[in-house]
Amino acid sequence: MNDYHLFEQLCVLENITNRYQYAKECQITIRELEDFIKSRTYRVAVIGEFKRGKSSLINALIGAGILPTDILPMTAAITHIRYGEEKRITICYHDGAREHKSIDELIDFATKYDKEKERVSARIKEIQVSYPSVLCKNNVEIFDTPGMNDDENMSKITLDILGDIDAAVMVISACSPLSMTEQELILRIIREKGIRHIIFVVTYIDAVSDDVEEQDQILAYIKRRLGADLLKKAERQFETDDALAEKARRILSDATVYGVSSTLAMEGFTADSKQKLRLSRIPTLKQELLDYLTAAQSIDEKERFIEVFREIRDHLSAWYETERDEAAAEKRRLQQEKTAVEAYYSNAPQQVAHMLAAFEQELRSIGMLEAYDRYSQTLYQTIRRFLIQALFTIRENTYTEENLQRTLAKAYDQADELIGDVNALVHETVTEALQRIIIGIDRLYPRFEDQPEDRLLSELQAACAERMQRLTCPALCLDRAALTVKPLRGVNLIEIAEASLNESLARFSGAFEAFFRSWKAFLLQQQRKLIQHDNRSKSLSDRIEALELKLRMMAYHRQQDMELLKKIASTSEENTSEENITEESTTEAVNENVLY
């Protein structure tokens, strides 16, 4: 399967996953693999505990002493080496700033040689090194990392980069190979999903023995320990994760182990000594590493493709069923909303009319809409009592016109005090009744959890609130025209007051009748606006129809997606049954024509 064919198949998988909201992780993996194929960039990190000779190894592989080395831990920041004709470094700071420097200045930024350099390196995210190295010419990028177990901050810098790496070169010292912390570090690298290959390089091989056979025995011993002791430890740690356990077996059971002497290699480069270069084993490592990484790029492409294919194949039905069920549930909910809205359209006018009728009955029951009722009789009797009490205060032979007018005015004043209390009670009663109706109309309007604030309802609430703020109830006011009637006689005072009261009550009842009719018309108009301009039923119908179409299309696409997966599997270049990505699940027949 060449890159063109692989990229074409990835585009098909991307189109499939784009239809499923639960396929986000696969979409990310596909895009990353597409970028990997387009760029062909392969990122290799050189990792190990401090003072294992990582920087020296990279210098030997490159053939130049560009990275600083020392007997003390030196590397304090990630050094990112990539191919470039121009030799230079770019300092990338945590705050986003970038600074270009000469490659000779690398030691001033990449080390913690003293407190000042340590302070500077703490601000650096990574240092990019451009260098014309054959090792990096085939889109291979090398990352020199701070040593593990040097200090906590340095270890964190190294661990944080592991998620962006494709392969790791694990550097082990021949003087103390595979310590417990090194073993844990190897297992930590294996856990990283993106790292598929680990190459083990044993440094300081010449410090243990100058004899080539003895060096080979040391390498064989380390390889046996990796394939036996460490593999058993890995299988225990990964016993609940089959994929990790299989990855550990692939990497450790037949580990790729090289032994080198970086010191001899650099001496060989400096003195142009082929003998020292041969004894350093660097030329062999360099050539085989190039071949290995070139092959690994192609292998990784296919393996990552197979993994994402299997992920999609294994989860496609679950994605479909989950999203189908969610869409069906949403459709049922919208249907319930539509039923409630349509019931509101049908019943709300009658319910509002019923509330208004109850309001009218309440007003009539206290005599506000009818004159000459018990309400007027009560007032009449009270005023009559006021008049009689006033007449008794007039002494004999003092029934003058002036005294009679004064007596009648006093009776009217007393009546006005009573009527003031009555008017206050009327205003309170009417206000409470209107507020109950407005709240009742508001509560009739159906609401749903996912529904945003409704404009129509807000307009109704605002209109009612504004009208209530301007509310002025009709008030009863006695007509005092009788005070101007002449001549007044004591015997006709009661008749004059009764006529005045009847006239006042008649005017009050007429005004209140008009007040009630106005409010009734206003509230009915607001209710009609809600129903006439509320388009929720149509909106809900459109959404339900869209969901029905979505469910049909989901069933159709699921069947088409399964057929596409079958086609990809059938055209795969995998030849073994283990790596063949065809499985029975991809031939599953899908016939879903049921409408939810």
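It should be noted that the structure appears before, not after, this text.
All residue numbers here refer to positions counted from 1 along the written sequence of the relevant chain. Local features in a predicted model are, by the rule used here, given only for residues with pLDDT of at least 70; side-chain atom pairs are given and counted only at 80 or more, and totals for whole chains, interfaces and linings are based on all residues. Excluded from the side-chain calculations are hydrogens and water; all other atoms, namely the structure's heavy atoms, are used.

J.: Sorry if this is basic, but what is going on with the overall build of the protein chain here?
T.: Each helix and strand in the protein chain was counted, giving 19 helices and 9 strands. When accessible area is computed with a 1.4 Å probe and restricted to protein chains, residues below 20% of their type maximum are described as buried, those above 50% as exposed, and intermediate ones as partly exposed. Evaluated residue by residue, the protein chain yields a buried proportion of 46% over its 596 residues. Considering only contacts within the protein chain whose residues lie at least 6 apart along the sequence, 79% involve residues at least 24 apart. Accessible areas in this description were obtained via Shrake-Rupley with a 1.4 Å probe; residue shielding takes into account the shown protein chains only. Carbon and sulfur atoms provide 50% of the accessible area of the protein chain, an area that totals close to 30800 Å². We count a stretch as a helix when DSSP gives it H or I for four or more residues in a row; a strand needs E for two or more, and each element gets its number in order from the N terminus. Only heavy atoms enter the contact rule, under which two residues are in contact if any of them lie within 4.5 Å.

J.: What should I look at first to understand the environment of proline 349 in this one?
T.: Locating proline 349 in the fold gives a position in helix 14 (residues 282-365). Counting along the chain gives 182 residues from proline 349 to isoleucine 531, while the straight-line C-alpha distance between them is 9.0 Å.

J.: Sorry if this is basic, but what is going on with a nonpolar patch on the surface here?
T.: Nonpolar side chains (Val, Leu, Ile, Met, Phe, Trp, Tyr) are joined into patches within 5 Å and like charges within 9 Å, using only residues with over 30% relative accessible area and no salt bridge. Take a side-chain nitrogen of Lys or Arg and a carboxyl oxygen of Asp or Glu: if they are within 4 Å of each other, that pair is a salt bridge. Nonpolar side chains collect at one region of the surface, where Leu549, Met553 and Tyr556 lie side by side and expose about 300 Å² of accessible area between them. Counting through the fold element by element, methionine 553 comes out in helix 19 (residues 536-570). Note on methionine 553: relative accessible area 35%, which makes it partly exposed.

J.: Can you help me understand unusual backbone geometry in this one?
T.: Only a minority of non-glycine residues have a phi that is not negative, and only a minority of peptide bonds are not trans. A positive phi angle is found at tyrosine 204, which is not glycine, with a value near 55 degrees. Here tyrosine 204 shows up in the loop between strand 8 (197-203) and helix 9 (205-208). Backbone geometry places arginine 281, a non-glycine residue, at a positive phi of 65 degrees. As for its placement among the helices and strands, arginine 281 is situated in the loop between helix 13 (274-280) and helix 14.

J.: What is the right way to look at the packing of aromatic side chains in this model?
T.: What describes a pair of aromatic rings is the distance from one ring centre to the other and the angle between the planes of the rings. Note on aromatic pairs: the rings of Phe, Tyr and Trp (six-membered ring only in Trp) are paired at centre separations within 6.5 Å, and the planes decide the class, stacked below 30 degrees, edge-to-face beyond 60, tilted for the rest. All chains considered together, the criterion is met by 6 aromatic pairs. Cluster of aromatic residues (ring-pair linked, three or more members): Phe508, Phe512 and Phe515. It is arginine 304 that lies over the ring of phenylalanine 36; its NZ or CZ is 5.2 Å from the centre. In our convention, an over-ring charge means Lys NZ or Arg CZ found within 6 Å of a ring centre and within 35 degrees of that ring's normal. Between arginine 467 and the ring centre of phenylalanine 522, over which it is positioned, the NZ or CZ distance is 4.7 Å.

J.: What exactly am I supposed to notice about the nonpolar core here?
T.: Within soluble globular proteins, side chains that are nonpolar generally end up buried alongside one another. For this analysis, a nonpolar core means a set of buried residues of the types Ala, Val, Leu, Ile, Met, Phe, Trp, Tyr and Cys, connected via side-chain atoms within 4.5 Å. Among the nonpolar cores identified, the biggest contains 67 residues, and Leu13, Leu57, Ile127, Val129, Ile142, Leu285 and Ile312 are the most heavily contacted of them. Here the element with the most residues in this core is helix 14; it accounts for 13 residues. Ala348, Phe386, Ala411 and Val422 belong to the second largest nonpolar core, which has 42 residues in total.

J.: I keep staring at the pattern of salt bridges and nothing clicks. Help me out?
T.: Oppositely charged side chains are able to pair whenever their charged atoms sit close together. Enumeration according to the criterion identifies 30 salt bridges in this entry. Its salt-bridge partner being lysine 233, residue glutamate 184 comes within 2.9 Å of it at the nearest N-O pair. Taken as a pair, glutamate 184 in helix 8 (residues 180-191) and lysine 233 in helix 10 (residues 212-237) lie far apart in primary sequence, 49 residues in all. Given the relative accessible area of 13%, lysine 233 is considered buried. For arginine 324, the salt bridge identified is with aspartate 325, shortest N-O distance 3.2 Å. Taking the relative accessible area as the measure of exposure, arginine 324 reaches 15% and is therefore buried. Look at the salt bridges and you will find they share partners, linking Glu330, Arg333, Glu337 and Arg543 into a network.

These results come straight from atomic positions and should not be treated as a statement about function.
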